[in-house]
Amino acid sequence: MVERETGTSDGRRRRSETSRDKIVEAMLALVAEGQITPSADQVATRAEVGLRSVFRHFKDMESLYAEMTGRLAGQYAMWLVPYDSADWRGQMAETIARRLTTYERLMPFKRAADAHRHESPAIQANYSGTLAMMRTRLKSILPEEIAAEEQVFETVDLLLSFETWQRLRMEQGLSVDTATAIIKAQVDRLIEPRS
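Conventions and cut-offs
- Residues numbered from 1 in each chain as written.
- Predicted model: local features only at pLDDT ≥ 70, side-chain atom pairs only at ≥ 80, totals over all residues.
- Heavy atoms only, no water.
- Helix = DSSP H or I, 4+ residues; strand = E, 2+ residues; numbered from the N terminus.
- Rg over C-alpha atoms; globule rule 2.2 N^0.38 Å.
- Buried < 20%, exposed > 50% of the residue type's maximum accessible area, 1.4 Å probe, protein only.
- Contact = heavy atoms within 4.5 Å.
- Areas by Shrake-Rupley, 256 points an atom, 1.4 Å probe, with all protein chains shown as cover.
- Phe/Tyr/Trp six-rings, centres within 6.5 Å; stacked < 30°, edge-to-face > 60°.
- Lys NZ or Arg CZ within 6 Å of the ring centre and 35° of its normal.
- Axes fitted to C-alpha atoms, helices over the stretch in contact; angles between N-to-C directions.
- Parallel < 35°, antiparallel > 145°, perpendicular 65-115°, else oblique.
- Left-handed = near helix turned anticlockwise from the far one by under 90°.
- Expected span 1.5 Å × (residues − 1).
- Core = buried A, V, L, I, M, F, W, Y, C linked by side-chain atoms within 4.5 Å.

Q: An account of the overall build of the protein is needed here, citing residue identities and associated values.
A: Within the protein, the regular secondary structure consists of 10 helices and zero strands. Put simply, the protein runs from its N terminus to its C terminus through helices and strands in the order α-α-α-α-α-α-α-α-α-α. In terms of C-alpha radius of gyration, the protein reaches 21 Å, well past the compact-globule figure of 16 Å for 195 residues. On the principal axes, the C-alpha backbone points of the protein span a range of 75 × 40 × 25 Å. Here the protein holds 195 residues, and 42% of them are scored as buried. For the protein, long-range pairs separated by at least 24 residues make up 65% of all intrachain contacts whose partners lie at least 6 apart in sequence. Just so you have it, the protein exposes about 10900 Å², and 52% of that area is on carbon and sulfur atoms.

Set out below in structure tokens:
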């Protein structure tokens, strides 16, 4: 009898986890298609679950956005992989490439998360943690004389931000290659005379 109950509860738990995963995957798919604020109905339809199932797993849409953001946070982990280059200039080039590649891939998700950040402590905490990690990593690869020069460091940090990338790609309509070339040229202009 105990085995049957355990088997039943394990099956129920697996179905529940599968349903939850389908809901999050549906949310990710809708956002990837450009819907910054998908409705619960849209998510339920895409996940092929009932609307009540969405709210059984997530107390509100903000908690679903927070789950989406948490899952995407793993994408930033590639920034912490050791560099191939031992030279700081090579590491800077790798940093630029890693950041811009990630920004391009995650742009629809980041824009959706940003639209809800003011309503969600979880999304805000994730955002703050990611920013802190990015700044610490940048400071660790720049020579001390550059990192210590506040205006230079802050400008490099700004140039390598998601907001700069989004502005170049979305608002100014530039290609990936052109936006990348602009960022690289401006970063080089700032750091080369000081190195």
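Q: A description of the packing of aromatic side chains should follow, citing residues and the corresponding values.
A: The full count for this structure, using the stated rule, is one aromatic pair. Consider the rings of Y103 and F162, whose centres lie 5.7 Å apart with planes at 80°: the pair is edge-to-face. With Y103 in helix 5 (residues 88–116) and F162 in helix 9 (residues 162–171), the pair connects residues that are 59 residues apart, well separated along the chain. For Y103, a relative accessible area of 2% translates into the label buried. Among the residues examined, F162 registers a relative accessible area of 5% and is labelled buried. Taking the ring centre of Y127 as reference, the NZ or CZ of R117 above it sits at 3.5 Å.

Q: Talk me through the packing of helix 9 against helix 10 (residues 176–191); I want residue IDs and the actual numbers.
A: It is at 9 Å that the axes of helix 9 and helix 10 come closest, and there the two elements cross at 135°. On the basis of their axis angle, the class for helix 9 and helix 10 is oblique. The way helix 9 lies across helix 10 gives a crossing that is right-handed. Across from T164, W165, L168 and R169 in helix 9, the residues of helix 10 making contact are V176, A179, T180, I182 and I183.

Q: How would you explain the environment of R167 if you had to name every residue and give the values?
A: One can find R167 in helix 9. Linking R167 and A115, residues 52 residues apart in sequence, is a C-alpha distance of 16 Å.

Q: An account of helix 6 (residues 121–141) is needed here, citing residue identities and associated values.
A: Since the α-helix packs 3.6 residues into each turn, any two residues three or four apart lie on the same face. Compared with the 30 Å implied by 1.5 Å per residue over 21 residues, the 31 Å span of helix 6 between its first and last C-alpha is a close match. As for helix 6, its buried residues are in contact with helix 4 (61–73), helix 5, helix 8 (150–159) and helix 9.

Q: Any details on the side chain of Q91? Residues and values, ideally.
A: Mapping Q91 onto the fold places it in helix 5. With residues near it in sequence (within four places) discarded, Q91 still touches Y83, S85, A86 and I141.

Q: I'd like a rundown of the nonpolar core, residues and numbers included.
A: Grouped together as the largest cluster of nonpolar side chains are 26 residues, with contacts concentrated most on M92, L142, V156, L160, V187 and I191. Mapped by element, the contributors of at least two residues to this core are helix 5, helix 6, helix 7 (144–147), helix 8, helix 9 and helix 10. For this core, the element with the highest residue contribution is helix 5, accounting for six residues. Counting residues in hydrophobic clusters, the runner-up holds 25 residues, among them I23, A44, F58 and A112.

Q: Which residues make up unusual backbone geometry, and what are the values?
A: A positive phi angle, close to 60°, is found at E48, a residue other than glycine. Looking at the secondary structure, you find E48 in the loop between helix 2 (40–47) and helix 3 (51–57). Overall, the relative accessible area of 67% leaves E48 in the exposed class.

Q: Give a detailed account of the environment of R15, specifying residues and quantitative values.
A: Considering the arrangement of structural elements, one finds R15 in helix 1 (residues 2–32). Note on R15: relative accessible area 55%, which makes it exposed. Separated by 98 residues in the primary sequence, R15 and A113 have C-alpha atoms spaced 28 Å apart.

Any link to function would need more than the numbers given here.
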